[in-house]
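Spelled out from the first residue to the last, the chains are:
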Amino acid sequence: MENEKSTAELLKEKLCVTKKHGGLRLSTDEINVCNDFCEDYKVFLNDAKTEREAVVKSITLAEKCGFVEYKDGMSLKAGDKIYYNNRGKSVILAVIGTEPIEKGVHLAAAHIDSPRLDLKQNPLYEDSEIALFKTHYYGGIKKYQWTTIPLALHGVVVKKDGTKVSVNIGEDENDPVFFVTDLLPHLAADQMKRTPGDIIKGEELNIIVGSMPFKDDKISEKVKLNIMVLLNEKYGMIEEDFLSAELEAVPAFKAKDVGIDRSMVGSYGHDDRVCAYTALKAILDCPNVKKTAVVILTDKEETGSDGNTGLRSAYLKHFIYSLADSFGVSGRRVIANTECLSADVNAAYDPTFPDVMEKRNCAFINYGVCVTKFTGARGKSGTSDASAEFVGRVRAMLDSNNVIWQTGELGKVDAGGGGTVAAYLANMDMDVIDVGVPVIAMHAPYEVVSKIDVYMTYKAFYVFFDE
Ligand code: MN
Ligand code: MN
């Protein structure tokens with residue numbers, strides 16, 4: 001018979017790894033499910049560009065699903081849905097399972113901070129009748145990418161009397177936007193001789209905020225004064241209030257479909273809102289869980305996870321300990337029995353820059369959620385390196401639930417490297433592996449992911465909680 005497979009074909013199928021594009025593995029209906037899922041994801045991306053906004057948005061969605069704020073010492077029972085807001089910049093959500101919590105929790109950990117330009121503490125100045133803000137970049141960026149794009153300003157200003165004002169300028173269609181300049185090519189001969197990392201220097205990331213003087217002949221710096229008058233009218237602030245403000249300039253772009261086939265989403269901050277949103281949706285959608293499910297959306301990953309809202313702080317441990325206290329069991333034992341999916345993105349193969357990737361081991365868009373056994377630099381420095389046992393366990397879970405997945409690594413050996421929060425969680429004494437969406441142009445002001453991969457990442461978290 002013509003259709004009959006040869007012995008070699010059968011053996012290859014049985015013995016060898018076969019990789020296939022997700023679009024060829026899914027039906028049209030299934031692809032539509034992935035596409036539909038990303039419509040709400042795009043809304044989340046546009047509404048939650050900073051860690052503070054992501055916390056607010058996540059809590060709003062959680063409360064709609066019956067989550068209530070957790071207070072230390074609260075009595076808890078199976079089915080309870082709680083959240084803990086850590087200083088407005090990170091949030092933990094949990095659904096109490098039917099199994100004893102001593103058997104550990106199923107944890108997914110994503111981060112909600114993204115690379116950006118923070119305003120310095122004395123940001124506003126006037127030079128040559130143009131008003132500008134001084135910035136200090138946050139996270140790993142290629143500085144030249146942040147020039148000549150529309151920027152929006154997000155954050156809070158805390159006044160001396162303790163009142164807090166939220167700032168959001170540049171997102172509404174009718175809002176003005178902000179701008180970091182670059183030299184015109186005609187006059188860039190010297191600039192182009194600089195080393196690539198210095199094409200734009202850190203102190204050149206100055207944001208233009210105005211050019212109209214206050215009408216008065218008696219004072220200097222009239223453009224700056226005019227900006228302060230406008231800020232005072234809108235936010236009631238004075239210049240000194242910048243000292244106790246956290247203002248972040250982020251790209252003003254909206255999330256959009258990318259490509260004629262609309263198979264991808266372009267946005268600022270996929271890293272790591274794409275894993276934050278999918279983990280959040282998974283815990284909100286999971287009807288009831290056996291193992292207690294926990295999602296942590298943390299801050300400060302992009303600067304190394306230090307600080308009281310980053311994952312090197314004790315706040316996650318304290319939260320799990322207080323859950324354990326509620327059930328009168330040892331927090332130490334809960335953590336030791338915990339399994340964690342460190343939910344972060346990985347680099348996707350980019351055909352324009354193939355040299356940094358090793359094609360047999362890197363992740364490709366549309367090949368599903370990426371499972372990364374280890375990260376790190378050079379000789380795996382800084383990685384937690386998931387055990388073969390835990391990889392085997394995750395592999396079986398994904399396969400048995402028809403989750404399309406692949407493995408990945410952060411580029412060729414010695415091409416660079418990086419890390420995630422996985423190591424900090426593993427150091428707490430839990431099993432951890434990195435799981436997330438492959439991203440093209442990671443850390444750029446506009447990053448790209450595939451819709452199939454976004455949905456498969458959601459599905460991976462869902463089946464993990466639903467076990
Ligand atoms: Mn990340
Ligand atoms: Mn990152």
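Residues numbered from 1 in each chain as written. Chains lettered and ligands numbered in written order. Predicted model: local features only at pLDDT ≥ 70, side-chain atom pairs only at ≥ 80, totals over all residues. Heavy atoms only, no water.

1. Comments concerning the coordination of the manganese ion (ligand 1)
With distances of 2.1 to 2.5 Å, the protein atoms coordinating the manganese ion (ligand 1) are His 111 (NE2), Asp 271 (OD), Asp 344 (OD) and Asp 344 (OD). Read in sequence order, the donor residues for the manganese ion (ligand 1) give the motif H-x159-D-x72-D. For the pair the manganese ion (ligand 1) and the manganese ion (ligand 2), the metal-to-metal distance amounts to 3.3 Å, and Asp 271 bridges them. With His 111 in strand S4 (residues 105-111) and Asp 271 in helix H6 (residues 270-285), the pair connects residues that are 160 residues apart, well separated along the chain. Across the pair, Asp 271 and His 111 agree in class, each one buried. (Donors = N, O, S within 2.8 Å, 3.2 Å for Na, K, Ca; no water. Helix = DSSP H or I, 4+ residues; strand = E, 2+ residues; numbered from the N terminus. Buried < 20%, exposed > 50% of the residue type's maximum accessible area, 1.4 Å probe, protein only.)

2. What to know about unusual backbone geometry
Here the amide bond leading from Asp 271 into Asp 272 is cis, since omega sits at 10°, within 30 degrees of zero. Here Asp 272 lies in helix H6. In the Ramachandran plot, Glu 221 falls in the positive-phi region, its phi being about 50° despite a non-glycine side chain. Positionally, Glu 221 belongs in the loop between strand S10 (207-210) and helix H5 (222-235). A relative accessible area of 41% means that Glu 221 is categorised as partly exposed. Of note in the backbone geometry, Asp 414 takes a positive phi value of approximately 70° without being a glycine. As for its position among the elements, Asp 414 is in the loop between strand S19 (405-407) and strand S20 (417-418).

3. Considerations on the pattern of salt bridges
The full count for this structure, using the stated rule, is 29 salt bridges. Across the pair Arg 52 and Glu 246 runs a salt bridge whose closest N-O atoms are separated by 2.6 Å. In this pair, Arg 52 is assigned in helix H4 (residues 51-64) and Glu 246 in strand S11 (residues 245-251), connecting sequence segments 194 residues apart. Note on Arg 52: relative accessible area 17%, which makes it buried. You can call Glu 246 partly exposed: its relative accessible area is 31%. In this structure, the salt-bridge partner of Lys 77 is Asp 80, at a minimum N-O distance of 3.0 Å. A residue is classified by how much of its surface remains accessible, and Lys 77, at 53% relative accessible area, is exposed. Sharing partners across several salt bridges, the network here consists of Glu 39, Lys 42, Asp 257, Arg 262 and Lys 451. (Salt bridge = Lys/Arg side-chain N within 4 Å of Asp/Glu carboxyl O.)

4. Digging into the sheet that holds strand S1 (residues 68-69)
Two orientations exist for strands paired in a sheet by backbone hydrogen bonds: parallel and antiparallel. In space, the nine strands of this open sheet follow the order S1-S2-S3-S14-S4-S15-S21-S17-S19, with mixed pairing throughout. The open sheet has two free edges, formed respectively by S1 and S19, since each of these has just one partner strand. H4 rests against strand S2 (81-86), strand S3 (90-95) and strand S14 (292-298) of the sheet, and its axis sits at about 20° to S3. Against the sheet, H6 engages S3, S4, S14, strand S15 (339-343) and strand S21 (431-436), with an angle of about 150° to S4. (Pairing = 2+ DSSP bridges. Contact = heavy atoms within 4.5 Å. Axes fitted to C-alpha atoms, helices over the stretch in contact; angles between N-to-C directions.)

5. Focus on the packing of aromatic side chains
By the definition in use, this model includes 15 aromatic pairs. Residues Tyr 70 and Phe 319 carry aromatic rings whose centres are separated by 5.6 Å and whose planes lie at 75° to one another, so their mutual orientation is edge-to-face. Residue Tyr 70 is found in the loop between S1 and S2, and its partner Phe 319 is found in helix H7 (residues 315-326); the two are separated by 249 residues along the sequence. Aromatic side chains Tyr 349 and Phe 364 sit 5.0 Å apart centroid to centroid with 35° between the ring planes, which places their arrangement in the tilted category. Taken together, the residues span a long stretch of sequence, with Tyr 349 in the loop between strand S16 (346-347) and strand S17 (369-372) and Phe 364 in the loop between S16 and S17 at a distance of 15 residues. Every member of this aromatic cluster is reached through a ring pair, and the members are Phe 37, Tyr 41, Phe 44, Tyr 277, Tyr 455, Tyr 458 and Tyr 462. Here Arg 116 stacks its cationic end above the ring of Tyr 138, 3.6 Å away from the centre of that ring. Taking NZ or CZ as reference, Lys 380 lies 3.9 Å from the ring centre of Phe 374, over its face. (Phe/Tyr/Trp six-rings, centres within 6.5 Å; stacked < 30°, edge-to-face > 60°. Lys NZ or Arg CZ within 6 Å of the ring centre and 35° of its normal.)

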